[in-house]
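A structural walkthrough
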Amino acid sequence: MKKENEKKLPKYAVIEQNLIQKIQSGELIPGDELPSESDLIEIYGVSRVTVRRAIDELYHQGYIEKMQGKRTCVKGTTKLQELTSISSYTEEIIRQGMTPTREVLKAELRICTPEEADKLQLQKADPVFYLERIYYASGHPLCYTRTTLPYRLFMDIETYDFKENSLYKILEENYHVKILTTFLKLKAVPAYDEVMNYLNISKDTPLLYSSGLTYGRYKEEEMPVELFTTHYLTTQFEYSLTQMRR
């Protein structure tokens with residue numbers, strides 16, 4: 001009966017179902033690489049186009065992930081992250097039972113841009129601290145983030161080692177700024193250029209892009225303290241948001 005059903009399926013679907021069965025049975029576990037395109041062509045006696053269609057179907061269904069410079073591999077179970085509360089990347093990674101590490105790509109003082117001056121309520125040519133980082137969860141890339149802080153609130157912040165320290169922890173413990181609210185915008189984007197390289201993923205891998213402005217309380221006054229953008233790789237976490245009808 002199984003053979004009869006397989007004959008009725010397109011060739012790519014036969015490959016797809018066979019690989020799904022191996023994943024669900026545990027024969028292929030998260031992190032395992034799939035056979036190469038050449039091996040699948042030989043095993044199933046099909047064309048490269050057919051094999052690629054099967055791989056694409058598995059990818060879009062969330063069974064596999066494509067990593068730049070590596071063979072396609074079985075996707076691990078994603079963790080669920082709530083978007084209803086503010087937490088640092090470090091805090092969220094730890095909360096999910098994983099180990100956080102950071103790579104600092106850029107940490108510098110510079111003059112604010114017009115957008116930064118507007119959003120952070122700065123004067124023209126005010127200095128800001130600009131920080132670019134990649135966050136890893138147990139060794140796997142999680143996100144690429146760019147952060148801008150008003151330097152007048154965080155003098156000498158460039159002296160901290162952000163490879164070893166959480167940004168929010170420094171803001172709250174060393175500068176006594178209480179993080180209050182983040183206004184966040186989200187959209188889906190494909191991986192491109194440096195983001196693709198930073199997160200070690202293939203071109204057009206879907207990412208969750210967020211841009212936000214964070215407010216904090218400093219000396220009893222509420223003010224904008226952080227402007228940021230982040231590209232999230234959703235193979236590690238999935239993101240949930242609870243909504244209420246008014």
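1. As for the overall build of the chain
Regarding its fold elements, the chain presents 8 helices and 10 strands. Out of the 246 residues in the chain, the part that is buried amounts to 43%. Intrachain contacts of the chain at a sequence separation of at least 6 include 60% that bridge at least 24 residues.

2. Remarks on the confidence of the model for the chain
Taken residue by residue, the chain gives an average pLDDT of 83. The fraction at 70 or more is 84%. Put simply, strand E3 (residues 79–82) is where the chain has its lowest mean pLDDT, 49, and helix H6 (residues 114–119) is where it has its highest, 96. Under a pLDDT of 50 for its full length, residues 1–6 has, in the predicted model, 3 contacts with residues more than four places off or in other chains. The low-confidence segment residues 82–86 (pLDDT under 50) makes 14 contacts with residues lying over four places distant or belonging to another chain.

3. So, unusual backbone geometry
Trans peptide bonds make up most of the peptide bonds, and negative phi angles are found at most residues other than glycine. Backbone geometry places Gln121, a non-glycine residue, at a positive phi of 55 degrees. In this structure, Glu220 is a non-glycine residue whose phi angle is positive, near 70 degrees. Tracing the chain through its elements places Glu220 in the loop between strand E8 (206–218) and strand E9 (221–233). Take Glu220: its relative accessible area is 73%, and that puts it in the exposed class.

4. Structural notes on the packing of aromatic side chains
Counted according to the given criterion, the structure contains 5 aromatic pairs. On the basis of an interplanar angle of 45 degrees and a centroid distance of 4.8 Å, the ring pair of Tyr144 and Tyr198 is categorised as tilted. In this pair, Tyr144 is assigned in strand E6 (residues 140–150) and Tyr198 in helix H8 (residues 193–198), connecting sequence segments 54 residues apart. Taking relative accessible area as the criterion, Tyr198 reaches 27% and is therefore assigned partly exposed. Members of the aromatic cluster, joined through ring pairs, are Phe154, Tyr160 and Tyr175. The ring of Tyr12 carries Arg53 above its face, with NZ or CZ at 3.9 Å from the centroid. For Arg110, the ring lying beneath its charged end belongs to Tyr130, and the centroid distance is 4.7 Å.

5. Side note on the packing of helix H3 (residues 37–44) against helix H4 (residues 48–60)
The contact between H3 and H4 brings their axes to 9 Å, and the two run at 110 degrees. As the angle between them shows, H3 and H4 are arranged roughly perpendicular. Residues Glu37, Ser38, Leu40 and Ile41 of H3 pack against Arg48, Val51, Arg52 and Ile55 of H4. For the contact of H3 with H4, the residue count by class is 4 nonpolar, 1 polar and 3 charged.

6. Brief notes about the side chain of Thr147
Among the structural elements, Thr147 can be located in strand E6. Look at Thr147 and you get buried, because its relative accessible area is 1%. At a separation of 3.2 Å, a polar atom in the side chain of Thr147 contacts the side chain of Arg133.

7. Describing helix H2 (residues 11–25)
Here H2 contains 15 residues, and its C-alpha end-to-end distance of 21 Å stays within 8% of the 21 Å for a straight helix at 1.5 Å per residue. Among the residues of H2, those classed as buried are Tyr12, Ala13, Val14, Ile15, Glu16, Asn18, Leu19, Ile20 and Ile23. Looking at the residues trailing H2, positive phi occurs at Gly26, about 90 degrees.

8. Considerations on the sheet that holds E9
Within the open sheet, the 6 strands sit side by side as E4-E5-E6-E9-E8-E7. Their pairing is antiparallel. Either end of the sheet is taken by a strand with one partner, and the two such strands are strand E4 (100–111) and strand E7 (178–190). The sheet shows a mean angle of 15 degrees between the axes of neighbouring strands, taken without regard to direction. Where E4 lies against strand E5 (residues 127–137), 11 bridges are found, and the strand directions are antiparallel. Note on E5: the bridge partner recorded for Pro100 is Ala137.

Rules used throughout
- Residues numbered from 1 in each chain as written.
- Predicted model: local features only at pLDDT ≥ 70, side-chain atom pairs only at ≥ 80, totals over all residues.
- Heavy atoms only, no water.
- Helix = DSSP H or I, 4+ residues; strand = E, 2+ residues; numbered from the N terminus.
- Buried < 20%, exposed > 50% of the residue type's maximum accessible area, 1.4 Å probe, protein only.
- Contact = heavy atoms within 4.5 Å.
- pLDDT = per-residue confidence, 0-100.
- Phe/Tyr/Trp six-rings, centres within 6.5 Å; stacked < 30°, edge-to-face > 60°.
- Lys NZ or Arg CZ within 6 Å of the ring centre and 35° of its normal.
- Axes fitted to C-alpha atoms, helices over the stretch in contact; angles between N-to-C directions.
- Parallel < 35°, antiparallel > 145°, perpendicular 65-115°, else oblique.
- Nonpolar A, V, L, I, M, F, W, Y, C, P; charged D, E, K, R; others polar.
- Polar contact = N/O pair within 3.5 Å; in protein donor to acceptor, adjacent residues only side chain to side chain.
- Expected span 1.5 Å × (residues − 1).
- Pairing = 2+ DSSP bridges.

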